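Structural overview for review
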Amino acid sequence: MAIEKGIRFSVEHDDAFPQGLVMVGEVSPDNEYQSREDKAQGRPVRQRIDETTGKRQWKFMATDLGETKAKRASFEITLLADVQPVPTTAEVMPGMRPVELDGLTAEPKVTGQGEFKYLSYVFRATGFKAAASGAGSASGGKAPRSTAGESSAKAA
């Protein structure tokens, strides 16, 4: 049995990024290419639509804190949503914030050139998990997961 090209595998955020993930910059629309002729004729910029889900595509630059190779540590993540997803965590440095992704999928792809090819992944998500879910800190540690009941029990 062969696996078709373009298959997306569901993966938990902590399994894909055990040391954490840092968003660099902001979420922006993933727009289609617009040629000079299109710009000159005043044609509007169109946002890409995911062929599988029919949702609008948004993108942001991310850094995997667990990646040891500098060239592979930063990559683009695509978010699939009708409206622009908003991160739920605060910035730890200007333009940098730890994030945890919801509805994460990975699609394998071959990257590189010539004899220097390697296996990589296209990561897509449906949005960001709530800040209280325990997004990894910038140092790679995990924030403690607690519920409101646990917090009130500790305070008593």
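Residues numbered from 1 in each chain as written. Predicted model: local features only at pLDDT ≥ 70, side-chain atom pairs only at ≥ 80, totals over all residues. Heavy atoms only, no water.

Under an unreviewed UniProt entry, the name given to the protein chain is Plasmid replication, integration and excision activator, and the source organism is Amycolatopsis lurida NRRL 2430.

**Let's talk about the side chain of Arg 124**
Heads up, the condition is: The helix count covers DSSP runs of H or I at least four residues long, the strand count covers runs of E at least two residues long, and both are numbered beginning at the N terminus. Categorising residues by exposure relies on relative accessible area from a 1.4 Å probe, with only protein chains included: less than 20% of the type maximum marks a residue as buried, more than 50% marks it as exposed, and the intermediate range marks it as partly exposed. For this analysis, residues touch if any pair of their heavy atoms sits within 4.5 Å.
Considering the arrangement of structural elements, one finds Arg 124 in strand 8 (residues 118-125). By relative accessible area, Arg 124 is classed as buried at 13%. Ignoring anything within four residues of it in the chain, the contact list for Arg 124 reads Arg 8, Asp 50, Thr 78, Leu 80, Gly 103, Leu 104, Thr 105 and Glu 107.

**What to know about the packing of aromatic side chains**
Aromatic rings in a pair are described by how distant their centres are and how their planes are angled relative to each other. Which entries qualify depends on this criterion: We call Phe, Tyr and Trp rings a pair once their centres come within 6.5 Å, taking the six-membered ring for Trp, and we label the pair stacked below 30 degrees between planes, edge-to-face above 60, and tilted otherwise.
Taken as a whole and judged by the stated rule, the model has five aromatic pairs. Judged by centre distance (5.8 Å) and plane angle (35 degrees), the ring pair of Phe 75 and Phe 123 falls under tilted. Separated by 48 residues along the polypeptide, Phe 75 in strand 4 (residues 74-80) and Phe 123 in strand 8 bring together distant segments of the chain. Judged by its relative accessible area of 18%, Phe 75 is buried. Residue class for Phe 123 comes out buried when judged on its relative accessible area of 11%. Between the aromatic rings of Tyr 121 and Phe 123, the centroid separation amounts to 6.0 Å while the plane-to-plane angle is 40 degrees, which identifies the pairing as tilted.

**Describing the nonpolar core**
The tendency in soluble globular proteins is for nonpolar side chains to be buried as a group. So the rule is basically this: Here, nonpolar core means buried Ala, Val, Leu, Ile, Met, Phe, Trp, Tyr and Cys residues that are tied together by side-chain atoms lying within 4.5 Å of each other.
Judged by nonpolar contacts, the single largest core of 18 residues is most densely connected at Leu 21, Phe 60, Ile 77, Leu 79, Leu 101 and Phe 128. Within the residue set of this core, elements represented by two or more residues are strand 2 (21-29), strand 3 (57-64), strand 4 and strand 8. Ignoring anything within four residues of it in the chain, the contact list for Leu 79 reads Val 27, Arg 56, Gln 57, Trp 58, Phe 60, Pro 85, Leu 101, Ala 125, Gly 127 and Phe 128.

**Details of the sheet that holds strand 4**
Formally: Criterion used throughout: strands pair if DSSP finds at least two bridges between them.
Taken in spatial order, the seven strands make up an open sheet running 1-7-8-4-3-2-5, and their pairing is mixed. Taken across any chain shown, the strands that pair with only one partner, and hence form the sheet edges, are strand 1 (9-10) and strand 5 (96-99).

**A look at the pairing of strand 7 (residues 105-111)**
Sheet analysis places strand 1 next to strand 7, joined by two bridges and oriented antiparallel. Note that in strand 7 the partner of Phe 9 across the bridge is Ala 106. Pairing geometry for strand 7 and strand 8, over seven bridges, is antiparallel. Within strand 8, the residue paired with Thr 105 across the bridge is Arg 124. Between strand 7 and strand 8, which pair antiparallel in sequence order, lie six residues; one of them, Gly 112, sits at a positive phi of approximately 105 degrees.

**Remarks on the environment of Thr 53**
How we decide: As used in this structure description, the phrase polar contact means that two N or O atoms lie within 3.5 Å; if the pair is within protein, one of them must be able to donate a hydrogen and the other to accept it, and residues adjacent in sequence are counted only when both atoms belong to side chains.
The topology assignment puts Thr 53 in the loop between helix 2 (36-40) and strand 3. Spatially, the C-alpha atom of Thr 53 lies 9.2 Å from that of Ala 81, the residues being 28 residues apart in sequence. Apart from residues lying up to four places away in sequence, Thr 53 is in contact with Arg 8 and Leu 80. At 2.8 Å, the side chain of Thr 53 and the side chain of Asp 50 are in polar contact. Within the local environment of Thr 53, its side chain forms a polar contact with the backbone nitrogen of Lys 55, the two atoms lying 3.3 Å apart.

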